[in-house]
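Chain by chain, the residues:
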Amino acid sequence: MFLFSTKSYYALKALMEMCRLSGGGNLVSLAEISARQNIPLKYLEQIMLNLKRAGFVESQRGVAGGFRLRRSAEEISVGQVVRALENYEEGREMNAEGPSIDDQVLSAIIEQAREAAVRVLDRETLHTLLQKAEERQRSNEAINYFI
């Protein structure tokens, strides 16, 4: 079934936090993202290198260094990030005689599910994720206020 890895999950959390912290494109330190999102720093460093190679972020070294988005939050879809970090082309090992009828049927169903999931992920951008997070935060604050 279509599930993405912890790497993609953490990448999306890190990108959302970068959007919150960067304001007008300011550099954001990995230590700050790590602390605020509870992502292990060493793992976050690996993720950010992958995101940099994929063209989502850029970095600057030095004391005042850090990372920032290369494109706006409206231009980066969840699907783009997930596809950049996951390997969807990896197929199942088939036996030497080729895929059985059952393998063919199951593969077709799994491919349909993957395509449907990708369509959902492509509809969402970092910007829409942030909007949904803000709405959820306001809703939770309102519930807590009335309790």
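Before reading further, recall that the structure is shown in the block above.
What counts and what doesn't
- Every chain is numbered on its own, with residues counted from 1 as its sequence reads.
- Predicted model: local features are reported for residues with pLDDT of at least 70 only, side-chain atom pairs are reported and counted for 80 or more only, and whole-chain, interface and lining totals are derived from all residues.
- Computation of side-chain values: all heavy atoms of the structure, hydrogens and water removed.
- Categorising residues by exposure relies on relative accessible area from a 1.4 Å probe, with only protein chains included: less than 20% of the type maximum marks a residue as buried, more than 50% marks it as exposed, and the intermediate range marks it as partly exposed.
- Put simply, DSSP marks the helices as runs of H or I at least four residues long and the strands as runs of E at least two long, and each gets a number from the N terminus on.
- Think of the arc as the fan of directions from the helix axis to the C-beta atoms.
- A pair is scored as a salt bridge if a Lys or Arg side-chain nitrogen falls within 4 Å of a carboxyl oxygen belonging to Asp or Glu.
- Residues belong to a common nonpolar core when they are buried Ala, Val, Leu, Ile, Met, Phe, Trp, Tyr or Cys residues joined through side-chain atoms within 4.5 Å.

A.B. asks: Can you walk me through helix H4 (residues 78–85) in this structure?
C.D. replies: Residues spaced three or four apart along an α-helix point in a common direction, a consequence of the helix completing one turn every 3.6 residues. Considered for burial, the residues of H4 that qualify are Val78, Gly79, Val81, Val82 and Leu85. The arc that holds every buried residue of H4, seen down its axis, measures 160 degrees, which confines them to one face.

A.B. asks: Looking at this structure, how should I read the pattern of salt bridges?
C.D. replies: Any two side chains of opposite charge can pair, on the condition that their charged atoms come close. Across all of its chains, the model carries seven salt bridges by this definition. In this structure, the salt-bridge partner of Glu45 is Lys42, at a minimum N-O distance of 3.9 Å. Of this pair, Glu45 and Lys42 both sit in helix H3 (residues 41–53), separated by three residues, roughly a single helical turn. A relative accessible area of 30% places Glu45 in the partly exposed class.

A.B. asks: Please clarify how unusual backbone geometry should be interpreted in this entry.
C.D. replies: The phi torsion of most residues other than glycine is negative, and most of the peptide bonds are trans. In this model, Asn38 sits at a positive phi of 55 degrees, which is unusual for a non-glycine residue. Mapped onto the elements, Asn38 comes out in the loop between helix H2 (30–37) and H3. With a relative accessible area of 65%, Asn38 lands in the exposed category.

A.B. asks: What's the story with the nonpolar core in this structure? I'm lost.
C.D. replies: A general tendency of soluble globular proteins is for nonpolar side chains to be buried together. Core analysis: the largest hydrophobic core is formed by 30 residues, its most contacted members being Met48, Leu51, Val57, Val81 and Leu126. Contributing elements (two or more residues each) for this core: helix H1 (6–22), H2, H3, strand S2 (66–69), H4 and helix H6 (126–146). The element that contributes the greatest number of residues to this core is H1, accounting for eight residues.

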